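Inside the fold
The lines below spell out each chain.
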Amino acid sequence: MIPYGRQSIDQDDIDAVAEALRSDFLTTGPRVAEFERAFAEDCGAKHAVACANGTAALHLAMLAAGVGRGDRVATSPITFVASANAGALTGAEVDFHDVEAVALSLDPDRLEAEWREGTKAVVAVDYAGHPADHERIGQIARGRGAVLIEDACHSVGGSVAGRDGARHRIGGLPWVDMTAFSFHPVKTMTTGEGGMVTTDCDELAERLRRLRNHGLVRETDRFTEFGNPGPLAESGPWAYEMPEPGFNYRLTDFQSALGLSQLRKLDGFVKRRAEIVATYDEAFADLPLVETPRIAAWCGGDSRIGWHLYVLRIDFDALGIRRAQVIEALARRGIGTQVHYIPVHLQPHYRRRGGADSNSLPVAEDFYRRCLSLPLWPGMTANEVGEVGEAVRTVLRG
Ligand SMILES: *Cc1c(COP(=O)(O)O)cnc(C)c1O
């Protein structure tokens, strides 16, 4: 079976993890800080804060931005549930705005027209790896006093040429306040489970670090509540202060060793994925009632897309075949596919909260009826890529 996604682990990765396991540190040790430094440098961000997974990264970003009960969070529905849940878990209300039809990311026109008082954060998702229009979304959000959190769980390794022509790596986009990454095995690079938040803001970085470790501050000169010197300010290696409770969202040292090793191969992974995308695009170009992925105008010029998913839009109704039948026919030929995603605003939790108007996001719902994700991972052989192309053509023509 050729799965729709798969990690690429080689001997370097295995050796790096084995070395970490033989060292003095299993959890927070020198490799965590080394991974953060290397990742920040790779993105062109001032800070990178490693954490347990992508969901934790989004949740920490929300908390660092001060989002909580009584606030609103805006996002779009073509994404994994975690993009919206990160806001909901803080007690905030989540508002869904429809996606644009080219890249399926948050539509800035909808966001602007439907903006709600009390919105404190916007989560813009880089669906399939294609960056959202962060330059415009950032103007809208920041202009109204909200922070922009980029959900880059799909787009690590990509870059965007801005409207001024300058090229920025994902994780270091100047229009975004914080960027959240996932290192789950199906994503472009992996640490098993793992995540990262990047930011250029010192204050946000400090809050992210504190909140991932129970809310503890260990540097006596940073003690806040009791002043310094105060009853808790006695200096010593045991001293810590907790201004507000946080989580245990730490990444381990051996996962960071894997992250460092994977990061060195990131550009190669992105390049190989782009080659497979180009091969698929060619294979499906002449198929009637099938659309291949498109690139939006705001990702022109020197932009380089770090594709995570290859999603076809197939007019199953006009072809007279059900999606489930296509999935089954491909599975019989040893090809795994997936549907990304059931629009999140249609999930029972959000339907209950949103009422009737949460049920009318037509671009997202139309896309959902047509989408199908094909296998895309760097370890696929040329034969496997060809096999997928042939099988999809045969099944959709039959
Ligand atoms: C994978 C993913 C997440 C969550 O990441 P985990 O590491 O699985 O917690 C969030 N948002 C998007 C878009 C994702 O694809």
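First things first, this report covers the structure right here in the doc.

Cut-offs applied
- Throughout, residues of each chain are indexed from 1 in the direction in which the sequence is written.
- Since the coordinates come from a predicted model, pLDDT governs what is reported: local features require at least 70, and pairs of side-chain atoms require 80 or more to be given and counted, while whole-chain, interface and lining totals use all residues.
- Where side-chain values are given, they derive from all heavy atoms of the structure, hydrogens and water being excluded.
- When DSSP locates at least two bridges between a pair of strands, those strands are taken to pair.
- Every helix listed is a DSSP run of H or I at least four residues long, and every strand listed is a run of E at least two residues long, numbered separately from the N terminus.
- Angles here are taken between N-to-C directions and fall from 0 to 180 degrees, while the axes themselves are lines fitted to C-alpha atoms, restricted in helices to the stretch in contact.
- Residues are treated as being in contact if the distance between any of their heavy atoms lies within 4.5 Å.
- Salt bridges are defined by distance alone: a side-chain nitrogen of Lys or Arg within 4 Å of a carboxyl oxygen of Asp or Glu.
- When a residue's accessible area, from a 1.4 Å probe over protein chains only, is under 20% of the maximum for its type it is buried; when over 50% it is exposed; and in between it is partly exposed.
- Each angle gets one of four labels, with under 35 degrees taken as roughly parallel, over 145 as roughly antiparallel, 65 to 115 as roughly perpendicular, and the rest as oblique.
- By definition, turning the near helix anticlockwise from the far helix through less than a right angle yields a left-handed crossing, and turning it clockwise yields a right-handed one.
- Grouping buried Ala, Val, Leu, Ile, Met, Phe, Trp, Tyr and Cys residues that are joined through side-chain atoms within 4.5 Å yields what is termed a nonpolar core.
- Three classes are used, and their members are as follows: Ala, Val, Leu, Ile, Met, Phe, Trp, Tyr, Cys and Pro are nonpolar, Asp, Glu, Lys and Arg are charged, and the others, Gly among them, are polar.

Focus: the sheet that holds strand β4 (residues 119-125)
- Strand order across the open sheet formed by seven strands is β1-β9-β8-β5-β4-β2-β3, with mixed pairing between neighbours. The strands lining the two open edges of the sheet, one partner per strand, are β1 (47-51) and β3 (93-96). Neighbour-to-neighbour, the strand axes of the sheet open up by a mean angle of 20°, direction not taken into account.
- The sheet contacts of helix α2 (residues 30-43) involve β1, β8 (178-182) and β9 (195-199), and relative to β1 the element is tilted by about 135°.

Things to note about the pattern of salt bridges
- A complete count under the given rule lists 29 salt bridges for this structure.
- A salt bridge links Glu 112 to Arg 144; the shortest N-O distance between them is 3.7 Å. Of this pair, Glu 112 sits in helix α5 (residues 108-113) while Arg 144 sits in the loop between α6 (134-143) and β5 (147-151), and the two are 32 residues apart along the sequence.
- Here Arg 210 ties to Glu 244 by a salt bridge, and the two come within 3.3 Å at their closest N and O atoms. Here the residue Arg 210 occupies a position in helix α7 (residues 202-212), and Glu 244 occupies one in the loop between α7 and α8 (253-263), the gap between them amounting to 34 residues.
- Looking at Arg 210, the relative accessible area reads 14%, which means it is buried.
- Overall, Glu 244 belongs to the partly exposed group, its relative accessible area being 26%.
- Connected via shared salt-bridge partners are Asp 42, Arg 169, Asp 267 and Arg 304.

Examining the packing of helix α11 (residues 323-332) against helix α14 (residues 382-397)
- Where α11 contacts α14, the two axes come as close as 10 Å, and the packing angle between them is 135°. On the basis of the axis angle, α11 is oblique to α14. The way α11 lies across α14 gives a crossing that is right-handed. In this structure, α11 contributes Val 326, Ala 329 and Leu 330 to the contact, and α14 contributes Ala 391, Val 392, Val 395 and Leu 396.

A short note on the pairing of β9
- Most of β9 sits inside the fold, with five of its five residues counted as buried.
- Burial of β9 is two-sided: the residues Gly 195, Val 197 and Thr 199 facing one way and the residues Met 196 and Thr 198 facing the other way are all buried.
- As judged from the five bridges shared by β1 and β9, these two strands associate in the antiparallel manner. Paired with Ala 50 across the strands is Met 196, a residue of β9.
- Relative to β9, β8 runs antiparallel, the two sharing four bridges.

Examining the pairing of β8
- Burial of β8 is extensive: five of the five residues sit out of reach of the surface.
- Pairing of β5 with β8 involves three bridges; the strand directions are parallel. In the sheet register, Ile 149 faces β8, and the bridge partner there is Met 178.

Regarding the nonpolar core
- Counting residues in hydrophobic clusters, the biggest one holds 47 residues, and the most contacted among them are Tyr 127, Tyr 280 and Leu 374.
- Those elements that place two or more of their residues in this core are β3, α9 (266-284), β11 (310-314), α11, α13 (362-370), β12 (371-374) and α14.
- Among residues more than four places away in sequence, those in contact with Leu 374 are Tyr 4, Tyr 280, Phe 284, Tyr 310, Leu 312, Thr 337, Val 388 and Val 392.
- Counting 36 residues, the second-largest nonpolar core is a separate cluster that includes Ala 50, Ala 74, Ala 146 and Leu 148.

Let's talk about the packing of helix α1 (residues 11-21) against α8
- Packing of α1 against α8 brings their axes to within 8 Å, and their N-to-C directions diverge by 150°. Of the possible angle classes, the one that applies to α1 and α8 is roughly antiparallel. At the point where α1 passes α8, the crossing takes the right-handed sense. Facing Asp 12, Asp 13, Ala 16, Val 17, Ala 20 and Leu 21 of α1, the residues of α8 in contact are Asp 253, Phe 254, Ala 257, Leu 258, Ser 261 and Gln 262.
- Considering only residue class, the contact of α1 with α8 consists of seven nonpolar, two polar and three charged.

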